[in-house]
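Listed below, chain by chain, are the residues.
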Amino acid sequence: MEPSTQKLIHTFGALADLGQEIAGTGDFTEMVRTSLHLLLGTLALRRGAVVDCSGAGPLRCVAVWGLGEQAVNSFDIDEGEMESFLGCEIADSLVKNSSTANRFLTRHHDKLAHEGIELVVPMIVRGEVTGLVLLGGKASGEEFSNDDFETIRAMVRHIGVGIHTHRLLEQLAQRAGENRRLYDELRAIYRDTVRAFAAAIDIKDKYTQGHSERVGKYSEIIAREMGWSEEEVEGIQIAGYLHDIGKLIVDRDIINAPYRIDAKSSSELNRHPSAGYEILAPIRHPYADIPLMAKHHHERLDGRGYPDGLTDEQIPLGAKIVSLADSFDAMTTDRPYRRRRSFEDVVQDLRENSGKQFDGKVVAAFARAILKEVRGETKDRRITKMLGKSYLEGEHVETLLTDLIADLEADSHAKAQTF
Amino acid sequence: MDTPSGGLVRSHCVGTTAVVYASDYLNKLSGEKIERECRRQLKCGCRALVIDFSDTKLVNSIGVSILLGIIDVAEKSGARIVFSDVNNQTVELFDMLGLTRHVVLAKDEQEAVLNLSRFETTPVVH
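It should be emphasised that the depicted structure is a prediction, and the values quoted were computed from it without experimental measurement. (Residues numbered from 1 in each chain as written. Chains lettered and ligands numbered in written order. Predicted model: local features only at pLDDT ≥ 70, side-chain atom pairs only at ≥ 80, totals over all residues.)

Asker: Would you explain the overall build of chain A in this entry?
Answerer: The helix and strand inventory of chain A stands at 17 helices and six strands. Across the 419 residues in chain A, those meeting the buried criterion constitute 38%. Long-range pairs, those at least 24 residues apart, make up 59% of the contacts in chain A with a sequence separation of at least 6. (Helix = DSSP H or I, 4+ residues; strand = E, 2+ residues; numbered from the N terminus. Buried ≥ 20, exposed ≤ 12 C-beta atoms within 10 Å, placed from the backbone. Contact = placed C-beta atoms within 7 Å.)

Given below as structure tokens:
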């Protein structure tokens, strides 16, 4: 094969590899290192380095071969020297021609020659010097030819664009990260505001202080046990905090009545889910369906709930979860007209009302979550903390829960077979 | 005995000469393994390196660059380096790029080791 043909094939191969390397999404330093190897190997140059000089100051070595990294980093450049590269031809970048207008070469001539660097090529992207490629001599000992200069110019341009693109992507990723942090902060502010609202709702009812906060936490625990995503879990926690926001429009005397209220007052109180929906609907929540969960948290599977008398499939799953969390908290806290119920009673209620008031799958999930705490399978002891340490003590608690779960799962299985 | 070290690179020592076998395609991956092995051998006290290309069909640009690096390291260590059993196409490439100015080419591994043994000096006993 003619040497010129072979050289052409060798150079084309290197250019193809370089394009592939630069278009890749791998590690940045490795990309630059490989690109440098490709350039050196194309012309059999014995040493070289790619350095970053996006501003005046010391050169920062990104990749080096056959040279000491420390030696490369010991060079520095000023703004004027960077500009002096812009008007230069590549032949002017030869160290031996340092008497030219290239001020960097003039100032560093002796040091460059000492390190065996023969050519300093700028990486120019959009009219700016973003870095330099320092190159040693050819292994053949020959001078650089015009063809060599063309090859070097093309490859250095490729490398420069590759580095520039990578930096842009890095900046984008950094900005995306900053946006993410800001978004997280906004969400935290939103959550704190919602919790403050929940506290404000509960203050209106002196007998149920902390109720909304607990309903939020129970709802979160149930949703997580049901395998909801982290975003959905956060959403339902918010829905739990806000489920009673409609009570803000109900007369304080009705809410705080220390006896069972009459039909008229009951009707007034029962307006709170719809009122809650009206309050929440105009707000742009970062989570879906919060107004609907507030509206339907008093619906029942058998259609005897309010405000719309929806049945099973018509009720959003989130509302079913908030409904159970709400009822569970009502049963397990003291009210003005009664003491809280024993855990045995509560389990009995859940069993009897599964399929009528509550969704059996939601009850089973909640029972599983409580059981995990009772058995010490989770570090999280939030349910125990909310209920008080002694409430879930006793060997019968575990049996009650396992029996309930088994029965609900058997029902669910039987129902699935019927369909 | 041949020792595969650093993954796929085979090598063995004949006296103070290390013979390192290049793979069928000398690119970045295989080149870096050979380079590591050569550095290791030099660090262990080898005074000469034979890189055997009997399995090598192709050497790309990165391979050339890595080989130049090995030559550089060997020169700095005062070690001699011989390439053995290089196919015609690769010899033409090495000639064209000037690598042959820095290394001796040998017909095969035996010739390379023999060539290097001529330079081995016998320690002077006083």
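Structure shown, so let's carry the discussion forward.
Asker: Looking at this model, I keep getting lost on the overall build of chain B. Mind explaining?
Answerer: A tally of regular secondary structure across chain B gives four helices and eight strands. In chain B, which comprises 126 residues, the share counted as buried stands at 47%.

Asker: Just to check I follow, could you spell out the pairing of strand E2 (residues 9-14) of chain B for this structure?
Answerer: If a strand is regular, its side chains alternate between the two faces of the sheet. All names here are of chain B. Where E2 and strand E3 (residues 17-21) come together, five bridges link them in antiparallel fashion. Its bridge partner being in E3, His-12 is matched across the sheet by Val-19. The antiparallel pairing of E2 with E3 creates a hairpin that spans two residues between the two strands, and Gly-15 there sits at a positive phi of about 65°. (Pairing = 2+ DSSP bridges.)

Asker: Just checking my understanding: could you explain the nonpolar core for this structure?
Answerer: A general tendency of soluble globular proteins is for nonpolar side chains to be buried together. The biggest cluster of nonpolar side chains holds 88 residues, and the ones touching the most others in it are A:Val51, A:Val120 and B:Leu49. Considering every element that reaches this core, the biggest residue donor is helix H2 (residues 61-77) of chain B, with eight residues. Contacts of B:Leu49, omitting those with residues within four sequence positions, involve B:Ala18, B:Val20, B:Cys38, B:Gln41, B:Ala74, B:Ala79 and B:Ile81. (Core = buried A, V, L, I, M, F, W, Y, C linked by C-beta atoms within 7 Å.)

Asker: I would appreciate a short explanation of helix H13 (residues 317-331) of chain A in the present structure.
Answerer: One turn of the α-helix equals 3.6 residues, which is why residues spaced by three or four share an orientation. All names here are of chain A. Given a rise of 1.5 Å per residue, 15 residues ought to cover 21 Å, and the 21 Å separating the end C-alpha atoms of H13 matches this to within 8%. Here H13 has its buried residues at Gly-318, Ala-319, Lys-320, Ile-321, Val-322, Ser-323, Leu-324, Ala-325, Asp-326, Ser-327, Phe-328 and Asp-329. Looking at the buried residues of H13, the elements they touch are helix H7 (211-225), helix H8 (230-242), helix H12 (290-295), helix H14 (343-353) and helix H15 (360-374). (Expected span 1.5 Å × (residues − 1).)

Asker: Got a minute to help me understand the pairing of strand E5 (residues 117-125) of chain A in this structure?
Answerer: Residue and element names in this part refer to chain A. The element E5 is largely enclosed, with a buried count of seven among its nine residues. Sheet topology note: the E5/strand E6 (residues 128-136) ladder contains eight bridges and is antiparallel. In the strand pairing of E6, Ile-117 is matched with Gly-136.

Asker: Is there a simple way to explain the interface of chain B and chain A in this structure?
Answerer: Note on interface size: it is often stated as the accessible area lost on association of the parts. Contacts between the two partners involve 19 residues from chain B and, on the opposite side, 22 residues from chain A. No other element matches the nine residues that H2(B) contributes to the side of chain B that touches chain A. Counted by class, the side of chain B that touches chain A contains eight nonpolar, seven polar and four charged residues. (Nonpolar A, V, L, I, M, F, W, Y, C, P; charged D, E, K, R; others polar.)

Asker: Help me understand the packing of H7(A) against H13(A), please; the structure alone is not making it clear to me.
Answerer: The packing of two helices is summarised by the inter-axis angle and the distance between the axes. Residues and elements named next belong to chain A. Two elements in contact, H7 and H13, have axes whose closest approach is 8 Å; the angle formed by their N-to-C orientations is 130°. Taken together, H7 and H13 sit at an angle that is classed as oblique. Taken as a pair, H7 and H13 cross one another with a handedness that is right-handed. Each of His-211, Arg-214, Val-215, Tyr-218, Ser-219, Ile-222 and Ala-223 in H7 lies in contact with H13, whose residues at this interface are Ile-321, Val-322, Leu-324, Ala-325, Asp-326, Phe-328 and Asp-329. Here the residues of the contact of H7 with H13 sort into nine nonpolar, two polar and three charged. (Axes fitted to C-alpha atoms, helices over the stretch in contact; angles between N-to-C directions. Parallel < 35°, antiparallel > 145°, perpendicular 65-115°, else oblique. Left-handed = near helix turned anticlockwise from the far one by under 90°.)

Asker: Can you help me understand the sheet that holds E6(A) in this one?
Answerer: Picture the strands of a sheet paired through backbone hydrogen bonds; they go either parallel or antiparallel. All names here are of chain A. Across the sheet, which stays open at both edges, the four strands sit in the order E3-E1-E6-E5 with antiparallel pairing between neighbours. Strands with a single pairing partner mark the edges of an open sheet, and in this sheet they are strand E3 (60-65) and E5. Mean inter-strand twist for the sheet, computed between neighbouring axes without regard to direction, equals 20°. Direction of pairing for strand E1 (residues 48-52) relative to E6: antiparallel, over a ladder of five bridges.

Asker: Please clarify how the environment of B:Leu93 should be interpreted in this entry.
Answerer: Along the polypeptide, B:Leu93 turns up in helix H3 (residues 88-97). Here the alpha-carbon distance between B:Leu93 and B:Val64, two residues 29 residues apart in the chain, equals 9.3 Å. In this structure B:Leu93 touches A:Gln6, A:His10 and B:Val59, once residues within four positions along its chain are discounted.

Asker: What am I meant to see in helix H4 (residues 109-117) of chain B here?
Answerer: Residues and elements named next belong to chain B. All buried positions along H4 are accounted for by Glu-109, Ala-112 and Leu-116. For H4, the buried positions fall inside an angular range of 60° around the axis, keeping them on one side. Looking at the buried residues of H4, the elements they touch are E3, strand E5 (48-52), strand E7 (80-84) and strand E8 (104-106). (Arc of directions from axis to C-beta.)

Asker: Honestly, the packing of H7(A) against H8(A) in this entry has me stumped. Any pointers?
Answerer: Residue and element names in this part refer to chain A. Relative to each other, H7 and H8 sit at 155°, their axes nearing to 7 Å. Classified by the interaxial angle, the pair formed by H7 and H8 is roughly antiparallel. H8 is crossed by H7, and the crossing has right-handed handedness. Of H8, the residues touching H7 (which contributes Ser-212, Glu-213, Val-215, Gly-216, Tyr-218, Ser-219, Glu-220, Ala-223 and Arg-224) are Glu-232, Val-233, Ile-236, Gln-237, Ala-239, Gly-240 and Tyr-241. Grouping the constituent residues of the contact of H7 with H8 by class yields seven nonpolar, five polar and four charged.

Asker: Hey, could you run me through the environment of A:Ile22 in this one?
Answerer: Residue and element names in this part refer to chain A. The topology assignment puts Ile-22 in helix H1 (residues 3-23). Taking the C-alpha atoms as reference points, Ile-22 and Thr-34, separated by 12 residues in sequence, lie 9.3 Å from one another. For Ile-22, the residues in contact, after removing those within four places along its chain, are Met-31, Ser-35, His-158 and Gly-162.

Asker: What should I look at first to understand the confidence of the model for chain B in this one?
Answerer: Interpretation of the predicted coordinates at a detailed level should be avoided for regions scoring low in pLDDT. Residue and element names in this part refer to chain B. Residues of chain B with pLDDT of at least 70 account for 87%, and the chain-wide mean is 87. When the criterion is pLDDT under 50, residues 122-126 qualifies, and its contacts beyond four places in sequence or with other chains add up to zero contacts. In the predicted complex, the global pTM is 0.63; the interface-specific ipTM is 0.85. (pLDDT = per-residue confidence, 0-100.)

Asker: Would you mind going over unusual backbone geometry with me for this structure?
Answerer: Residues and elements named next belong to chain A. For the bond from Tyr-306 to Pro-307, the omega torsion is 10°, close enough to zero to count as cis. Within the secondary structure, Pro-307 is located in the loop between H12 and H13. Even without being a glycine, Ala-44 presents a positive backbone phi close to 55°. Take Ala-44: it is sitting in the loop between helix H2 (28-43) and E1.

Asker: So what exactly am I meant to see when it comes to the environment of B:Gly63 here?
Answerer: All names here are of chain B. Topologically, Gly-63 is positioned in helix H2. Taking the number of C-beta atoms within 10 Å as the measure of exposure, Gly-63 has 25 and is therefore buried. In this structure, the C-alpha to C-alpha distance between Gly-63 and Glu-32, residues 31 residues apart in sequence, is 8.5 Å.

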